[in-house]
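In case you want the letters, here they are:
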Amino acid sequence: MATLKQLSKVPERLAGGHRLCAGCGHGISTRMILNAAEDDNVVVGCATGCLEVATTIYPYTAWNCSFIHNAFENAGATLSGVEAAYRSLKKQGKLKDDFKFVAFGGDGGTYDIGLQSLSGAMERGHNMVYVCLDNGAYMNTGIQRSSATPMGADTTTSPAGKVVPGKQQPRKDLTAIMAAHNIPYAAQASISNWQDVHKKAKKAFDVEGPAFINMLSPCPRGWRYNTPDIVELCKIAVETRFWPIYEVEDGKWILNHKPKKYVPIEEFLKPQGRFRHLFTPGNEHMIKRIQKEIDDRWLALLERCGEPQELPPR
Amino acid sequence: MTSGVGNPCNKNFGQGRRTKAINSDLPWKELTKAGNIYEPGNSNSYETGDWRTLKPVWNEERCIHCLICWRYCPDASIIVTNEKFDSFDYKHCKGCGICANVCPAHAIDMITEEQQPLKKKEAKKDE
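Residues numbered from 1 in each chain as written. Chains lettered and ligands numbered in written order. Predicted model: local features only at pLDDT ≥ 70, side-chain atom pairs only at ≥ 80, totals over all residues. Heavy atoms only, no water.

### A closer look at the overall build of chain A
Thinking step 1. Counting its regular elements, chain A contains 12 helices and 8 strands.
Thinking step 2. Radius of gyration (C-alpha) of chain A: 19 Å, near the 20 Å computed for a compact globule of 314 residues.
Thinking step 3. Viewed in the frame of its principal axes, chain A has a C-alpha envelope of about 70 × 45 × 40 Å.
Thinking step 4. Out of the 314 residues belonging to chain A, those deemed buried represent 58%. (Helix = DSSP H or I, 4+ residues; strand = E, 2+ residues; numbered from the N terminus. Rg over C-alpha atoms; globule rule 2.2 N^0.38 Å. Buried < 20%, exposed > 50% of the residue type's maximum accessible area, 1.4 Å probe, protein only.)

### Brief notes about helix α12 (residues 284-304) of chain A
Residue and element names in this part refer to chain A.
Thinking step 1. An ideal rise of 1.5 Å per residue puts 30 Å on 21 residues; α12 measures up with 31 Å between its terminal C-alpha atoms.
Thinking step 2. The secondary structure elements touched by the buried residues of α12 are β7 (246-249), β8 (252-255) and α11 (266-269).
Thinking step 3. Once α12 ends, the next one or two residues include G306, with phi positive near 70°. (Expected span 1.5 Å × (residues − 1). Contact = heavy atoms within 4.5 Å.)

### Overview of the pattern of salt bridges
Note on pairing: side chains with opposite charge can pair once their charged atoms come close.
Residue and element names in this part refer to chain A.
Thinking step 1. Scanning the model with the defined rule gives 16 salt bridges over all chains in all.
Thinking step 2. Among the ionic pairs, K258 bridges to E307, the shortest N-O distance being 3.1 Å. Highlighted residues: K258 in the loop between β8 and α11 and E307 in the segment after α12, separated in sequence by 49 residues.
Thinking step 3. On the basis of relative accessible area, E307 is assigned to the partly exposed category, the value being 27%. (Salt bridge = Lys/Arg side-chain N within 4 Å of Asp/Glu carboxyl O.)

### Description of the packing of aromatic side chains
Residue and element names in this part refer to chain A.
Thinking step 1. Evaluation of the coordinates by the stated rule reveals 14 aromatic pairs over all chains.
Thinking step 2. Judged by centre distance (4.4 Å) and plane angle (25°), the ring pair of F242 and F268 falls under stacked. Here the residue F242 occupies a position in the loop between α10 (230-239) and β7, and F268 occupies one in helix α11, the gap between them amounting to 26 residues.
Thinking step 3. An aromatic cluster is present here, built from W223, Y225, F242 and F268 joined pairwise through their rings.
Thinking step 4. The positively charged end of R241 is found above the aromatic ring belonging to Y262, 4.6 Å away from the centroid.
Thinking step 5. Here the basic side chain of R274 rests over the ring of W223, its NZ or CZ set 4.2 Å away from the ring centre. (Phe/Tyr/Trp six-rings, centres within 6.5 Å; stacked < 30°, edge-to-face > 60°. Lys NZ or Arg CZ within 6 Å of the ring centre and 35° of its normal.)

### Let's talk about unusual backbone geometry
In most cases, non-glycine residues show a negative phi, while peptide bonds are predominantly trans.
Thinking step 1. Following A:Y58, the chain continues to A:P59 via a peptide bond in cis, the omega torsion being 0°.
Thinking step 2. You can see A:P59 is positioned in the loop between α3 (50-55) and β2 (66-69).
Thinking step 3. Non-glycine residue A:R224 carries a positive phi angle of around 55°.
Thinking step 4. Summarising the element assignment, A:R224 is placed in the loop between α9 (220-223) and α10.
Thinking step 5. With a relative accessible area of 33%, A:R224 lands in the partly exposed category.
Thinking step 6. The residue B:N82 is not glycine, and still its phi comes out positive at about 50°.

### Here we look at the environment of B:D89
All names here are of chain B.
Thinking step 1. Checked against the element boundaries, D89 lands in the loop between β3 (84-88) and α2 (98-102).
Thinking step 2. Taking the C-alpha atoms as reference points, D89 and A76, separated by 13 residues in sequence, lie 8.1 Å from one another.
Thinking step 3. Setting aside residues no more than four positions away along its own chain, D89 makes contact with A76, S77 and I79.

### Regarding the interface of chain A and chain B
Thinking step 1. At the interface, 46 residues of chain A touch 49 residues of chain B.
Thinking step 2. Counting the surface lost from both chain A and chain B, the interface buries some 4,000 Å², and carbon and sulfur atoms represent 58% of this.
Thinking step 3. Per-residue buried area on chain A facing chain B is highest for A:R31, A:Y58 and A:N64; these three make up 17% of the total on that side.
Thinking step 4. Close ionic contact of A:K9 with B:E83 constitutes a salt bridge, the shortest N to O distance being 2.9 Å.
Thinking step 5. Applying the counting rule to chain A against chain B returns 20 residue pairs in polar contact (both at pLDDT 80 or more).
Thinking step 6. With 5 residues, the top contributor of residues to the side of chain A that touches chain B is helix α2 (residues 25-35) of chain A.
Thinking step 7. Taken together, the residues that form the side of chain A that touches chain B break down as 22 nonpolar, 15 polar and 9 charged. (Buried area = accessible area lost by both parts, 1.4 Å probe. Polar contact = N/O pair within 3.5 Å; in protein donor to acceptor, adjacent residues only side chain to side chain. Nonpolar A, V, L, I, M, F, W, Y, C, P; charged D, E, K, R; others polar.)

### Brief notes about a nonpolar patch on the surface
Thinking step 1. A contiguous nonpolar patch, built from B:I22, B:W28 and B:L31 and spanning about 360 Å² of accessible area, is present on the exposed surface.
Thinking step 2. Among the structural elements, B:L31 can be located in the segment before β1 (54-58). (Patch = residues over 30% accessible without salt bridge, like charges linked within 9 Å, V, L, I, M, F, W, Y side chains within 5 Å. Areas by Shrake-Rupley, 256 points an atom, 1.4 Å probe, with all protein chains shown as cover.)

### Observations concerning the nonpolar core
Residues and elements named next belong to chain A.
Thinking step 1. Residues F104 and Y130 are the most contacted members of the largest nonpolar core, which totals 116 residues.
Thinking step 2. In terms of residues, this core owes the most to one element, α12, which gives 7 residues.
Thinking step 3. Once residues within four sequence positions are removed from consideration, Y130 is found in contact with A47, A75, G76, A103, G105, G109, T110, L118, M122, A211, F212 and I213. (Core = buried A, V, L, I, M, F, W, Y, C linked by side-chain atoms within 4.5 Å.)

As C-alpha cells, then:
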C-alpha cells in the first residue's frame, strides 16, 4: 500500500479551475480514483452530469489526460467503443503505448439513463472501469429524484409536504446489479476511507476486463449539510450501514467494514436538510421504515458475504 | 502537482493548437472543430479563487505533513513539493473548508479575507 507521500508524486489528472461547487464530493472521488492509475496513460469518458459540465466548459478542460465527451445515456457505449478501437489499433501495430479506460457517471447517468449502455459494456467484457459517483439525485439540473435517491429524501420532484413525506420508494441496489453481470470486479466505496478507495481503484484498473466502482459522493447543495463535514458524513453513512463498503471479486462477496456498534440511521439523516421533515411529529413511521429497509439489506448483504446474519450489537 | 503543461501523461498531445478565449469579437469559424480542446488541464488558467468567502491559512509549526488535506481537496489546491505541504493554490481554492476539517493536527484555520494579510511566501505564489 502506497503512502500519501508517494501518491502525492502522481501527476494530477483533474486540474484546479474546474467549476464544481465548493466542497463537491465529485472532485474528491475523481481525484482519488485517478490517482490510483499512477503513471499509466488514462482515457476518461463522462456521462452528462455535474462532473462533465463543470470540468469541460469550453474553451477550458480540467482533464489532464485524454477525455471524450458524450451524452447522458451512453458513457458505457462510448468508452467501450474507444477501448475496442484501441485494441484494434494495438493489434495492427499502429499504437505502441498502453492505456487505461475509465468512465465517470453520476447516479442519474448510471442508475437510470445510462443503465442499458453500461450493462452492455459490462456484458461485452471491455477492459474498462466504470465509476458511479452517487449523490442520490439529479443535482446538476436542480435536485430531481433518481432511482438512487434514498427513501424519505426531499427533492424537487419528490417534495416533502403535508401528505407525502419525501420519496416513497427505496433505492436501487446498483452495485448488486453490476455484480450480477458476473464481471471480474465490482465494489462499493466511500471517501471516508481513502485507503480502501485507493485499493479498490487500483484493483479495478489492474483487473483484466470490466470493473465497476460505486462511490458515495455527497452534494452540499442537494443534501444540505454543513459543507466542511463531508468526510464525517461519509463515515456516518458507512457506520449506519446506509452505504456498506464491500467488493465482489470474481463472484466472491467480501465485506470490507463491519460496524462494531449499532448506529441508528437518524445519525445519518439528522445533519442533512433533505431529511429535516422526517423529524417533525407525525413522520416517525418514515424513519422506522428507512431503518427496517437498511437492516434488511444489511442482513441480505451479510448472507452474500458468508458472514453470520446478525445486526451489530446495540 | 497541479500544472497541466509538462505533465507526463500529456506527452505529444495537441501540440501547437490552442483553444482561443471566447468573447463577443470571436467569429464562430475561429472555434476549434467539434469544440475540441487541445490543451489538457487548461482550466488552470481559469480562476475560481474569487468564489471564496473563507480562506484557509497554514500554520507551519503545527503541520505534520501527513497530506490528508491534499487527499481530500476537491480542487487540487494543496500544493505538495517533495512529499511536504508547500502552500495553498489560492487561485483555485474555493474555500470549502474541508482541509481545515480533516486536518488531524489542526494546522489549517479558516479566516475571512480581511482578517489577515497574505504572508510573503503565499503572496508570491498568488501573483
